[in-house]
Amino acid sequence: MTAGKHPTGDGRQASSWMAPGALLFAALLWGTSWLPIRWIAEYDLAPGWVNILLYGAAAVFMLPAFWLRPLPFTWEARLAWASAFFFGAALMLWGAAILTGEVVRVILLFYLSPVWASILGRLFLKDRVGPLRILAIFCGLLGAAVVLGLQDGLPLPQQTGDWFGLFAGIAFALAALFSRMTPGIGGPSQSGVAYVVATLLALFLLLDPELGATPTGHQITAAMGVAAISAVIWFIPAAIVVFWATKKLEPGRAMLLMMTEVIFATVSAAILTDEPFGFRELIGCVLVATAGGIDAFSQLRRGAVR
């Protein structure tokens with residue numbers, strides 16, 4: 001449908017429900033994305049090879065989109081390329097984290113991204129850091145500390161997966177920062193670049209004997225079908241929707257909707273895995289989700305004032 005034939009002329013009526021609904025759908029996909037990652041790993045593949053197969057399949061499927069509407073190689077588009085790079089890094093680190101750590105711990109450390117986004121927004125975009133945002137940062141860091149274990153001294157990540165999850169959240173915050181600075185550039189082509197980046201960065205995991213143990217040809221061919229289906233059902237739609245919808249919504253509203261990922265992820269992990277999920281994990285989940293909700297509310301409130 002062309003813009004001229006749209007009932008509202010500018011598409012605002014449709015986007016009023018389409019963008020939020022699409023973002024909730026993307027949150028569901030991202031919140032359960034740990035499932036296909038572990039399904040592929042069941043073929044006795046090391047984390048590096050799981051990443052390569054999954055994101056490589058997504059990159060191949062996204063090639064037509066990049067060919068039809070590529071990211072421009074211009075100075076003005078450099079931040080869009082930077083956003084795609086850091087999104088790809090976040091994908092690779094997320095995949096490695098899910099396979100080397102406990103799902104709930106990884107999820108909560110990754111979803112500290114609103115904390116890093118607030119700090120980066122202040123440093124690079126001069127965003128105002130008011131009382132609500134300070135409270136959000138405090139809740140997020142406290143939630144991470146609870147999950148990591150306050151009784152063990154300084155609450156630092158203990159497992160390899162913890163570190164991967166933490167850095168994945170930082171990379172995602174950087175991707176969001178650069179995406180905010182290039183609202184008119186990107187979309188599907190940005191997602192395609194991100195998956196290429198994730199695949200290439202996964203090659204570095206092969207340098208580690210445990211993360212990159214060489215599989216047999218049978219293992220790879222057996223897992224390729226699952227990787228391709230997972231790319232088509234989970235990762236490609238989720239990435240495209242996030243890049244599209246976040247450009248249609250206020251940052252605060254988008255963040256509030258995306259924070260439902262925490263609920264989808266922790267509930268699915270608690271039900272479908274045998275990993276620990278007790279009172280400590282529940283409190284950490286509540287605190288991290290509260291941090292995202294407070295930060296999103298502060299952005300919405302600031303937008304309403306303007």
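Heads up: the structure comes first, above all this text.
As the structure is a computational prediction, the values presented were derived from the model and not from experiment. (Residues numbered from 1 in each chain as written. Predicted model: local features only at pLDDT ≥ 70, side-chain atom pairs only at ≥ 80, totals over all residues. Heavy atoms only, no water.)

Peer 1: In this structure, what is going on with the overall build of the protein? I would like to understand it.
Peer 2: Scanning the protein from N- to C-terminus turns up 13 helices and zero strands. Secondary structure elements of the protein, listed N to C terminal, follow the sequence α-α-α-α-α-α-α-α-α-α-α-α-α. A fraction of 89% describes how many contacts in the protein between residues 6 or more apart in sequence connect residues 24 or more apart. Surface accessibility of the protein: about 14,400 Å² in total, with carbon and sulfur atoms responsible for 71%. (Helix = DSSP H or I, 4+ residues; strand = E, 2+ residues; numbered from the N terminus. Contact = heavy atoms within 4.5 Å. Areas by Shrake-Rupley, 256 points an atom, 1.4 Å probe, with all protein chains shown as cover.)

Peer 1: Hey, could you run me through the packing of aromatic side chains in this one?
Peer 2: One pair of aromatic rings is described through two measures. These are the centre distance and the angle between the planes. The tally for this structure, following the rule as stated, stands at twelve aromatic pairs. With a centroid separation of 5.7 Å and an interplanar angle of 75°, the aromatic rings of Trp39 and Trp234 are classed as edge-to-face. You can see Trp39 sitting in helix H2 (residues 34–41) and its partner Trp234 sitting in helix H10 (residues 217–245), a full 195 residues away along the chain. According to the relative accessible area criterion, Trp39 is partly exposed, its value standing at 37%. Ring plane angle 50° and centroid distance 5.7 Å describe the contact between Phe110 and Phe172, whose orientation is recorded as tilted. (Phe/Tyr/Trp six-rings, centres within 6.5 Å; stacked < 30°, edge-to-face > 60°. Buried < 20%, exposed > 50% of the residue type's maximum accessible area, 1.4 Å probe, protein only.)

Peer 1: Would you mind showing me how to read the side chain of Thr260 here?
Peer 2: Within the element layout of this structure, Thr260 appears in helix H12 (residues 260–272). Here Thr260 falls in the buried class, since its relative accessible area comes to 19%. Excluding residues within four positions of it along the chain, Thr260 makes contact with Leu24 and Ala27.

Peer 1: Just to check I follow, could you spell out the nonpolar core for this structure?
Peer 2: When a protein is soluble and globular, its nonpolar side chains tend to lie buried together. One finds Trp30, Tyr55, Trp94 and Tyr195 to be the most contacted residues of the largest nonpolar core, which totals 90 residues. Contacts of Trp94, omitting those with residues within four sequence positions, involve Trp30, Ser33, Ile37, Tyr55, Val106, Ile107, Phe110 and Ala168. (Core = buried A, V, L, I, M, F, W, Y, C linked by side-chain atoms within 4.5 Å.)

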